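Structural overview
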Amino acid sequence: MDTLFYALAVILAGGILPLLLYRQFKVMKAAAVIATVVGSMLGLMALTPALQDTGPPTTTWAWQQFLTLTFSIDSLSVFFLVPIFLICPLAALYGFHYMDKSEEAWRIAVNYCCLSLLIVSMVLVVCADSLITFALAWEVMSLTSYFLVVHEFHKKETRAAGYLYFVFAQAGAMCIFAAFGLIYSVTGSFSFDGLDQLSSPLKLAVFILTLLGFGSKAGIFPLHIWLPHAHPAAPSHISAVMSGVMIKMGIYGIFRFYTLLGDTSMLPGQIILAVGMASGVLGVVYALGKHDIKRLLAYHSVENIGIILIGAGLGMIGVATGNATMAIFGFAGSLLHVLNHSIFKSLLFMGAGAVLQKTRTRHVDELGGLIKRMPTTGRTFLVGSISISGLPPFNGFISEFLIYFAAFQGLTLPGISFLFASLAIISLAVIGGLAAACFTKVVGIVFLGEPRSEAAARASEVQASMTLPLLLLAVLCLVIGIFPAPFVELAFFGLRDMAMIGAIEPGTGQVLISNLAFAARLFLGILLGVTLLRRVLYAGKEIASGPTWGCGFTQPNVRMQYTGTSYAMSIVEFFQPFVSIRTVYSGIRRIFPGATTYETRVDDIAEIGMHRYLLQPLVKILDRLRWIQHGHIQLYIGYIVLTIVVLLLVF
Amino acid sequence: MESLLSFMLALLLAPLFPGIINRTKAFVAGKQGPPLLMKYYTLAKLCRKGSVYSTSSSFVFKMGPTVSFTAALMPLLFIPLAGTAPLFSFHGDVIVLFYIMGIGRFFTIAAALDTASPFEGMGAAREAFFSTLAEATIFAVLILFYRVSGSLSLADYFHGENAVSLAGPTGALLLFVIVAMFMVLLTENSRVPVDDPQTHLELTMIHEVMILDHSGPDLALIELGAFFKLLFYSVFITHLLQPPVPAGILVNGLLFYGILTLVYVAVGVTESTMARFKMNLVPKYILTSFTLVFFAAILTMGFMQ
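Residue numbers run consecutively from 1 along every chain, following the written order of its sequence. To label them, take the chains in the order written and letter them from A, then take the ligands in the order written and number them from 1. In view of the model being predicted, local features appear only for residues whose pLDDT reaches at least 70, and side-chain atom pairs are presented and counted only at 80 or more, with totals across whole chains, interfaces and linings using the full set of residues.

**Let's talk about the overall build of chain A**
A tally of regular secondary structure across chain A gives 23 helices and five strands. Only C-alpha atoms enter the radius of gyration, while the globule expectation follows 2.2 Å times N to the 0.38, with N the number of residues. Over its C-alpha atoms chain A spans a radius of gyration of 26 Å, differing by no more than 12% from the 26 Å that the globule rule assigns to 651 residues. Along the longest, intermediate and shortest principal axes, the C-alpha atoms of chain A span 90 × 65 × 60 Å. Sorting the 651 residues of chain A into buried and exposed places 53% on the buried side. For the purposes of this entry, the term helix denotes a DSSP run of H or I that reaches at least four residues, the term strand denotes a run of E that reaches at least two, and both are numbered from the N terminus. In this scheme every C-beta is placed from the backbone, and a residue whose C-beta has 20 or more other C-beta atoms within 10 Å is buried, one with 12 or fewer is exposed, and one in between is partly exposed.

**Points about the overall build of chain B**
In terms of regular secondary structure, chain B is built from twelve helices and one strand. Starting at the N terminus and walking to the C terminus, you meet the elements of chain B as α-α-α-β-α-α-α-α-α-α-α-α-α. Taking 305 residues into account, the globule formula puts the C-alpha radius of gyration at 19 Å, and chain B, at 19 Å, falls close to it. Viewed in the frame of its principal axes, chain B has a C-alpha envelope of about 60 × 40 × 40 Å. Per-residue burial for chain B yields a buried fraction of 59% across its 305 residues.

**Some thoughts on the UniProt feature "domain: NADH:quinone oxidoreductase/Mrp antiporter transmembrane" (unreviewed entry) in chain A**
UniProt positions are given in the numbering used here, feature names are shortened, and annotations may be inferred rather than shown by experiment. Following the UniProt record, one finds the feature "domain: NADH:quinone oxidoreductase/Mrp antiporter transmembrane" (unreviewed entry) at residues 128–420 of chain A. Taken end to end, residues 128–420 of chain A has its terminal C-alpha atoms 34 Å apart, with 79% of it in helix and 0% in strand.

**A closer look at the nonpolar core**
The tendency in soluble globular proteins is for nonpolar side chains to be buried side by side. Counting residues in hydrophobic clusters, the biggest one holds 329 residues, and the most contacted among them are Met-122, Ala-332 and Ile-425 of chain A together with Ala-140, Leu-144, Val-177 and Val-293 of chain B. Examining the composition of this core, we find that 21 residues originate from one element, helix α16 (residues 415–447) of chain A, more than from any other. The contact criterion used here is simple: two residues whose C-beta atoms, placed from the backbone, lie within 7 Å are in contact. Residues within four places of Val-293 of chain B in sequence aside, it is in contact with Thr-137, Ala-140, Val-141, Leu-144, Phe-176, Val-177 and Ala-180 of chain B. Linking buried Ala, Val, Leu, Ile, Met, Phe, Trp, Tyr and Cys residues through C-beta atoms within 7 Å yields a set, and such a set is a nonpolar core.

**Considering the interface of chain B and chain A**
Taken together, the contacts link 62 residues of chain B with 64 residues of chain A. Listed by contribution, the elements that provide at least two residues to the side of chain B that touches chain A are β1 (51–54), α4 (59–78), α5 (93–113), α6 (118–149), α10 (216–241) and α12 (282–303) of chain B. Counting residues per element, the side of chain B that touches chain A draws most heavily on α6 of chain B, at 17 residues. Side-chain classes follow a simple rule in which Ala, Val, Leu, Ile, Met, Phe, Trp, Tyr, Cys and Pro form the nonpolar group, Asp, Glu, Lys and Arg form the charged group, and the remainder, Gly included, forms the polar group. Across the side of chain B that touches chain A, the residue classes break down as 38 nonpolar, 18 polar and six charged. In this scheme, strands are said to pair when DSSP sees at least two bridges between them. Two elements, strand β3 (residues 543–546) of chain A and β1 of chain B, share four bridges in a ladder whose sense is parallel. Residue pairing across strands places Ile-543 of chain A opposite Ser-51 of chain B, the latter belonging to β1 of chain B.

**Concerning the domain arrangement of chain A**
Residue and element names in this part refer to chain A. Marked domain ranges trace back to an automatic or database domain assignment. You can read the domains of chain A as domain 1 (2–188 + 217–502) and domain 2 (575–587 + 595–650). Put simply, the middle of domain 1 and the middle of domain 2, counted by C-alpha atoms, are 29 Å apart. Class assignment of the residues belonging to the side of domain 1 that touches domain 2 gives a composition of six nonpolar, two polar and one charged.

**Things to note about unusual backbone geometry**
Peptide bonds are trans in most cases, and residues, glycine excluded, mostly fall at negative phi. Between Phe-221 of chain A and Pro-222 of chain A the backbone carries a cis peptide bond, its omega angle lying at 0°. Here Arg-360 of chain A, not a glycine, exhibits a phi torsion of approximately 60°, which is positive. Take Arg-360 of chain A: it is sitting in the loop between α12 (324–359) and α13 (370–373). Of note in this structure, Ser-190 of chain B is not a glycine but carries a positive phi near 50°.

**Digging into the packing of helix α20 (residues 510–538) of chain A against α4 of chain B**
Helix axes use the C-alpha atoms of the stretch in contact, all axes being lines fitted to C-alpha atoms, and the angles between their N-to-C directions lie in the range 0 to 180 degrees. Packing of α20 of chain A against α4 of chain B brings their axes to within 9 Å, and their N-to-C directions diverge by 130°. What the angle tells us is that α20 of chain A and α4 of chain B run oblique. Helix-helix and strand crossings are classified by hand; for α20 of chain A and α4 of chain B the assignment is right-handed. Contacts between α20 of chain A and α4 of chain B involve Phe-523, Ile-526, Leu-527, Val-530, Thr-531 and Arg-534 of chain A from the first element and Thr-66, Val-67, Phe-69, Thr-70, Leu-73 and Met-74 of chain B from the second. The class makeup of the residues in the contact of α20 of chain A with α4 of chain B is eight nonpolar, three polar and one charged. By the definition adopted for this analysis, an angle is roughly parallel if under 35 degrees, roughly antiparallel if over 145, roughly perpendicular if from 65 to 115, and oblique otherwise. Each helix crossing is assigned a hand: it is left-handed if the near helix lies turned anticlockwise from the far helix by less than a right angle, otherwise right-handed if that turn is clockwise.

**Structural notes on the UniProt feature "transmembrane region" (unreviewed entry) in chain B**
Residues and elements named next belong to chain B. The UniProt record annotates "transmembrane region" (unreviewed entry) at residues 94–116, 128–146, 166–186, 219–241, 247–269 and 281–304. As annotated, residues 94–116 has a helix share of 87% and a strand share of 0%, and its two end C-alpha atoms lie 34 Å apart. When the span residues 128–146 is considered, its composition is 100% helix and 0% strand, and the gap between its end C-alpha atoms is 27 Å.

**A few points about helix α22 (residues 605–624) of chain A**
Residue and element names in this part refer to chain A. Working rule for helices: expected span equals 1.5 Å times residues minus one. Taking 1.5 Å of rise per residue, the 20 residues of α22 would be expected to cover 28 Å, and the 28 Å separating its terminal C-alpha atoms lies within 8% of that figure. Fitting axes to the seven residues that end at a residue and to the seven that start at it, the angle between those axes gives the bend at that residue. In the structure, α22 departs most strongly from a straight axis at His-611, where the bend amounts to approximately 35°. Burial analysis of α22 places just zero of its 20 residues in the buried class, a small minority of the element.

**Here we look at helix α11 (residues 293–321) of chain A**
Residue and element names in this part refer to chain A. If you check α11, its first and last C-alpha atoms are 42 Å apart, about what 29 residues at 1.5 Å a residue would give, namely 42 Å. For α11, a buried count of 28 out of 29 residues is recorded, marking the element as mostly surrounded by other parts of the structure. In the segment just after α11, Gly-322 is the residue with positive phi, at about 75°.

This is the structure in structure tokens:
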């Protein structure tokens, strides 16, 4: 535990140093990056002893009488610490060249400070061992991430996005605190122990409240609304940390409280699975409909959170029905997908950030042909795209396969569980297909073909501190895909301290995983062979180059290329009642038509619904109470006194 | 050894069967048609040629044929052929194989978009959409097979003691699967009524339009990959139709290739008697196949608890 705290101290120093050194722009950034990287490596080292035994003892830290913070590490914490210590230093390194405006030195210093605070608070969330510690760390995490989102606060849309995020973070936190209050009212302590003693309706209430709270952080449908606004607004390496790591804290919360509550009835699993399927399918459909590259990636986070929850839901159903294999593989697939998603999603966000820095546009239909101008970014983005589509031989497939495997185990269950399991399989298949469709769109429109704008034609490769994290993450995607065994082991290890699953026999799934690895290597081997064969076939042949065959048309231009919008529209239309498409078309009226406009937008039904059925009625009610706010300080003090008197009289 | 020989034989015969389809179509139309070995001649011709690459394209365009060919070859290593066990097999291989076909499709689509051609983009969009829907049908079939046989590998489905077959106790359900898989075969291999391999109007095509810019050995790889893919789906259906005969490997092998030929003839007859669907009818067509299989899967709830 001590090593971990030293690591946190170093990371924190990496946040405070920039504030002191901000006049030396390069030195400041270097100090922050070095401290974050060193601190994270220390942190990873601190995890190695925890891997062997039952982990270090609980650390308690008391201040006065009323504030006692307790920390401990169990296997689940260890698992979630890995992505934190893996992704965050890479993001900090990426920021070195990404945050390149020396005239904004002070703001960048504050950004680094908030980033280090965010890392520290995420670590503390994962290590918290009491309700109060958890709540405190959770709030610090939400607040620092809010400040990171509003880094470019001079833009109106950034402020709006930040506000939306703030509302969702705090409303979610409120649900979590309400759950904590419920627990406290029964147990009378802030300890995590004794949660499994609650009565079952209370357990369900706590479960639902925490699901709302953690779900709004993780971005489950329909509580995901903040994601597609906050991610484009935040700097790209911050998006990478938030999407890759921070939203996983919501998943951690769900796992943690599921373990603590020990509720082995069917309902939690069914709820989680249903939520997961809805988030997964709709997330990817909306991603197809969006053409802002970062917004699209944000919707893919919703999708992947959906996949993670499908795994978790299958695991919970496995626990409820006593099907151990299903439980183990569901949870393990879910955990491994947490790690995998943190890798490829941060890779993709950083790639998008590189494109954004060089072209100053996020709209896919204004880009094109970037793989020739930005080879490293393009190639790594391609790797990330294949991984996130869940295709072998990359890492996304391994975790999805584990979840599939759990779902197939569930097919032997009777009645409703069979239906849930088969729906999970169908959803995973559809999600996989749509994700591949969406990422062929991104890769094809942004990186392949011809540039659609001046800015895209002039783009050049980004600097080394930005390409290095991209390369490392891309290599990691392939390594997990070809050598999955240690990583699956790690996921199994993460489940060790989840009591309801029971002990996992050593060697579980070993044959399966080695077979998966074999298939991936076989594929790569054959691919290599075919590539050589192709070389042989082309030896000594005449290779010419010319324009693309325009089917007889002799004057093609770049505007005739297929756009992202047209590529995705038929799929989006297919899902229509769940996706609202707005079309504005001026029409052609006269014989010699003038300028015509055509515009389509894909609107999020969750956003529309929440606006119409929650926000508008709320504003209407609150409008009636406007007279309470009148601006007279003395009356405000009167309110406070009155409240205290009433509270004293009542309690 | 048997497996290897059988595998090699299947690879050699793969370009023959599309010739059968063409001969069937010619027969129905009352024409003479191209020679049975036409596809071999085409492949040989393509391999002798060089290539022209578009100035718009990048390395992804050149990777497309290689990856899609590998992805089409892989499933044939795992599926039992002509009564012999497959070369490789493990529990869960079907999921891996259908995902490997997914990566082949990913690169075919990416290569199409790499040419900056509006036509190829159009074909790519359709391919991405329709294959996603077909994936739902395929996984519904896997669900049904798991319920019936408790297995997740092609070898267990079609080879050995507990092979799923029409003659078995759950044979009636397989009728749904045969129809649905035939529909998926037509979809995934761009045959009529989803796509038309013969048409030369680019706007109406799906698969053919995506490979317009490929030439020479690259095109040969794509073509051969397409034959392998068609062979895989046809073999899948053949196994469902083939009755278990307690005879030697030769009889079973001949029976297998006989039924396989019939499947190809069926494709040819379908192509001769049907017109291509309007594009907006294709999703409904694919979802019909999904509904058939999912209905069969639900039916298993009645007699298996």
